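# Close look at the chain arrangement
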Amino acid sequence: MDIHKTSVIINISTGILTGKDILCSRKLIRDLVGVFGNEQVRAELPADDLVYEVQAYLPVDEGKEGGLFFGNSTVYPGKVDKEYYMTRGHFHRDLNAAEFYWCIKGEGVLILMDVERKVCAEKMQPGSLHYIPGGMAHRVANTGAHKLVFNACWSSDAGHNYQDIDHHGFSARLEEVAGKPVLMP
Ligand code: S6P
Ligand code: ZN
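The following refers to the structure shown. (Residues numbered from 1 in each chain as written. Chains lettered and ligands numbered in written order. Predicted model: local features only at pLDDT ≥ 70, side-chain atom pairs only at ≥ 80, totals over all residues. Heavy atoms only, no water.)

## Description of the overall build of the protein chain
When its secondary structure is counted, the protein chain shows two helices and 15 strands. Along the first, second and third principal axes, the C-alpha set of the protein chain runs to 60 × 35 × 30 Å. About 10200 Å² of surface is accessible on the protein chain, with carbon and sulfur atoms providing 53% of the total. Taking the average location of the 19 positive side-chain charges in the protein chain and that of its 24 negative ones, the two points are 4 Å from each other. (Helix = DSSP H or I, 4+ residues; strand = E, 2+ residues; numbered from the N terminus. Areas by Shrake-Rupley, 256 points an atom, 1.4 Å probe, with all protein chains shown as cover. Lys, Arg positive; Asp, Glu negative; His and termini not counted. Charge placed at Lys NZ, Arg CZ, Asp CG, Glu CD.)

Spelled out as structure tokens, the structure:
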């Protein structure tokens, strides 16, 4: 019997995925209208500044029950006014669907918000493992001077609800105050 190579390789030092089935997406400053608190400052930043990019390995169809998806996200260092560069954030469409994040490189903060809009946050550093329970919106801010890289694993039928965050945002923002990250209501 043949022993096959896998079609996807993860570089365990960098978190980067390689293989023909990897999807890539990027969010530039121009794509993030309304995401940061100070929209005027965002609009004045270079439009092609890269805020974050995501590699995704989706081995089964989206929506399939029982399958898993894998992602590698990189959030670049930067700020919009006092607010750190961060991901848009989302709830899963299935509020029962949890997710794991783990940090590979850099430093940051995972911001979580429940459906009552109560926010909490966890520090991300290489090796930190984060269990995101179902029903918690999640977003990641890079609080360091270098790239923040983290991997993720979530269920293929979790789905994504971006609308809620697009319309109402999170009830707290992560800002730099006296050189330190502070969650501001
Ligand atoms: C997917 C998982 C991550 C994010 C990625 C970008 O469930 O949480 O792969 O998609 O970090 O964040 P966002 O909020 O733009 O999807
Ligand atoms: Zn998610």
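On we go from here.
## Examining the packing of aromatic side chains
For the structure on display, the rule yields five aromatic pairs. Both rings, one in Phe36 and one in Tyr85, keep their centres 6.3 Å apart while their planes meet at 50°; by these two values the pair is tilted. Linking Phe36 in the loop between strand 3 (22-28) and helix 1 (39-44) with Tyr85 in the loop between strand 7 (83-84) and strand 8 (99-105), this pair joins segments that are 49 residues apart in sequence. Overall, the relative accessible area of 2% leaves Phe36 in the buried class. (Phe/Tyr/Trp six-rings, centres within 6.5 Å; stacked < 30°, edge-to-face > 60°. Buried < 20%, exposed > 50% of the residue type's maximum accessible area, 1.4 Å probe, protein only.)

## Brief notes about the coordination of the zinc ion (ligand 2)
Protein-derived coordination of the zinc ion (ligand 2) comes from His90 (NE2), His92 (NE2), Glu99 (OE) and His138 (NE2), at a distance range of 2.1 to 2.3 Å. Viewed at the metal, the six donor atoms of the zinc ion (ligand 2) are separated by angles of 70 to 172°, and the geometry they form is octahedral. Written as a sequence motif, the donor arrangement for the zinc ion (ligand 2) is H-x1-H-x6-E-x38-H. One end of the pair, His90, is in the loop between strand 7 and strand 8; the other, His138, is in strand 12 (residues 136-142), and 48 residues separate them in sequence. (Donors = N, O, S within 2.8 Å, 3.2 Å for Na, K, Ca; no water. Tetrahedral: all angles 85-135°; square planar, octahedral: opposite > 155°, others 65-115°.)

## Remarks on the pattern of salt bridges
By the definition in use, this model includes seven salt bridges. Ionic pairing is found between Lys20 and Asp21, a salt bridge with its closest N-O pair at 3.6 Å. Overall, Asp21 belongs to the partly exposed group, its relative accessible area being 33%. (Salt bridge = Lys/Arg side-chain N within 4 Å of Asp/Glu carboxyl O.)

## Looking at the site of ligand 1
Inspection of the region around ligand 1 gives 15 residues, with Tyr52, Glu99, Tyr101, His160 and Tyr162 positioned closest. Here an oxygen atom of ligand 1 sits 2.5 Å away from a polar atom, N or O, in the side chain of Tyr52. A distance of 2.6 Å separates an oxygen atom of ligand 1 from a polar side-chain atom of Tyr101. Contact with the protein chains hides 94% of the accessible area of ligand 1, taken as 400 Å² for the molecule alone. Of the residues in the shell around ligand 1, the class split is six nonpolar, seven polar and two charged. (Near = heavy atom within 4 Å. Polar contact = N/O pair within 3.5 Å; in protein donor to acceptor, adjacent residues only side chain to side chain. Nonpolar A, V, L, I, M, F, W, Y, C, P; charged D, E, K, R; others polar.)

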